[in-house]
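Structural description and commentary
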Amino acid sequence: MSHGSSVSSFQKKGKAKLVSIPGTRPSLHNAQLLISTGLPSLDYLLGGGLAVGSLLIVEEDRYDVYSKLFLKYFLAEGMMNGHMTTLASLDMSPQSIISDLPSSGDTNPDDTAVDMTDTQMTIAWRYQNQKSQSSSISSNKFGHSYDLTKVMNSSLIDKVDVELWDGKITEEGKGMVKNKYYWSLLQFIKKRIESGNLSTSFNKAKTNVMRIALHSLGSPLWGWEFSQHEKDHQWESLTAFIYMLRALVRSSFSIGMVTIPSHLFVDPALMSRLTTAGDFVVRLESFQGSEKETNPVFKDYHGLFHIVKLSALNSLVPPLLDSTDWVFRLKRRSLTIERLHLPPELSETVSRDQEETVTKSGPACIGGKLPKHLDF
């Protein structure tokens, strides 16, 4: 009898209590709770996904074409999992962004994982999608595939707790955050965290996470403090905002993705400070309008994807990648990040012509034929 009770008690203690939140999973490396960015290839580069409580900064491409797509993938994944969402933008209407999210293409099994860049990732992704292709949207699934040619159904978005901020001023700036837009947005996000009981100090078990998406933060419409005052180091409002935002995200079940037009900044020290404040920082270098656009080496790609910073969360080292050169490519239906594969220096026709030249004449020829062994 005592033996049986000891076994049952052992089983109870041995069961690990995992946080059951739709669209999340624990990291295999450090048990950190992860969410998908909506792009499987980006999840792979970040160590399996974006950690809850972390901040991802995306340095925009010059024309904000592709960085906007990264933000839409991030938001679309939140819609598919019913995550609380907070979207802010001054450069364009947040409503226009949220109403133009890509639709999920998981209903077609042939379209799943088409854009994976790694063979092992492709196999794992297809296996994961085959588990419940006919299941409902609200199922607990990590990552979905999206079709950029289709727009997400508005009825799906209406079911999610979404709040949009388009520059509404509630308070004037205070302390280090003198900019009224940054301060008002900070208070807006803080109230969202409180209303959703997402703070880590709140003892009740969490059933949801919040995605915070900030579009083109620090552009001229946010106060244009960089054009005139950047040289005098009077950009503390933005840097203080990012540090305070990270503090809010750290102390709650929230995840932030912020796109920043760093190409507008004159002083490199500004982006250096923002990089320090972010957990993960990536930079998009579009080929539009540059000489690389006509370079045959990059003919299959649309830009370079630079990994500026990877943080070590709950571990001693950040995720280790097997390559340092990454590119992104926009297909008709999807955006994908891939390894940069450089073509060989000589094409087949060039090497064949050289071989014929060496065969016909040259110091190494013997009777018009190449010797079996050449000494170099």
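Per chain, the residues get numbers from 1 upward, laid out in the order the sequence is written. The predicted origin of the model limits local features to residues at a pLDDT of at least 70 and limits the giving and counting of side-chain atom pairs to 80 or more, whereas totals for whole chains, interfaces and linings rest on all residues. Each side-chain value is derived from all of the structure's non-hydrogen atoms; neither hydrogens nor water enter the calculation.

**Details of the sheet that holds strand 3 (residues 50-51)**
In space, the three strands of this open sheet follow the order 1-2-3, with antiparallel pairing throughout. Looking along the sheet, the strands with just one partner apiece sit at the ends: strand 1 (24-26) and strand 3. When DSSP locates at least two bridges between a pair of strands, those strands are taken to pair. Going along the chain from the N terminus, every DSSP run of H or I of four or more residues is numbered as a helix, and every run of E of two or more is numbered as a strand. Across three bridges, strand 1 lies against strand 2 (residues 33-35) in antiparallel orientation. Pairing of threonine 24 across the sheet is with isoleucine 35, part of strand 2.

**Considering helix 3 (residues 66-81)**
Working rule for helices: expected span equals 1.5 Å times residues minus one. Between its first and last C-alpha atoms helix 3 spans 23 Å; for 16 residues at 1.5 Å apiece the expected length is 22 Å, and the two agree. Using a 1.4 Å probe on the protein chains alone, a residue whose accessible area is under 20% of its type maximum counts as buried, one over 50% counts as exposed, and one in between counts as partly exposed. Within helix 3, 15 of the 16 residues are buried, which leaves the element mostly enclosed by the surrounding structure. Looking at the residues trailing helix 3, positive phi occurs at glycine 82, about 70°.

**Observations concerning the side chain of threonine 275**
Along the chain, threonine 275 falls in helix 10 (residues 268-277). Contacts of threonine 275, omitting those with residues within four sequence positions, involve Val281, Val308 and Lys309. Any two residues whose heavy atoms approach within 4.5 Å at even a single point are treated as in contact.

**Some details on the nonpolar core**
As used here, the term nonpolar core means buried Ala, Val, Leu, Ile, Met, Phe, Trp, Tyr and Cys residues forming a set that is joined through side-chain atoms within 4.5 Å. Counting 83 residues, the largest nonpolar core has Met152, Leu214, Leu217, Phe241, Ile242, Leu245 and Phe305 as its most contacted members. Ranked by the residues each element gives to this core, the list is headed by helix 3, at ten residues. Once residues lying within four places of it in the same chain are set aside, the contact partners of leucine 245 are Leu55, Leu186, Ile189, Ile212, Leu214 and Val258. Phe298, Leu304, Val327 and Leu340 belong to the second largest nonpolar core, which has six residues in total.

**Some words on the packing of aromatic side chains**
In this scheme Phe, Tyr and Trp rings, the latter by its six-membered ring, pair at centre separations within 6.5 Å, and the angle between planes marks the pair as stacked below 30 degrees, edge-to-face above 60, and tilted otherwise. The final tally for this structure, using the stated rule, is seven aromatic pairs. On the basis of an interplanar angle of 25° and a centroid distance of 5.7 Å, the ring pair of tryptophan 165 and tryptophan 222 is categorised as stacked. You can see tryptophan 165 sitting in strand 8 (residues 162-165) and its partner tryptophan 222 sitting in the loop between strand 9 (210-215) and helix 8 (225-229), a full 57 residues away along the chain. Residue classification places tryptophan 222 among the buried residues on the basis of a relative accessible area of 1%. Considering the side-chain rings of tyrosine 182 and tryptophan 222, the 5.4 Å spacing of their centres and the 15° angle between planes classify their relative orientation as stacked. In this pair, tyrosine 182 is assigned in helix 7 (residues 180-195) and tryptophan 222 in the loop between strand 9 and helix 8, connecting sequence segments 40 residues apart. Judged on exposure class, the residue tyrosine 182 and its partner tryptophan 222 are both buried. We call a charge positioned over a ring when the NZ of a Lys or the CZ of an Arg lies within 6 Å of the ring centre and within 35 degrees of the ring normal. The ring of phenylalanine 142 has arginine 25 lying over it, and the distance from NZ or CZ to the ring centre is 3.9 Å. Between arginine 211 and the ring centre of phenylalanine 74, over which it is positioned, the NZ or CZ distance is 4.9 Å.

Keep in mind these numbers describe shape, not what the thing actually does.
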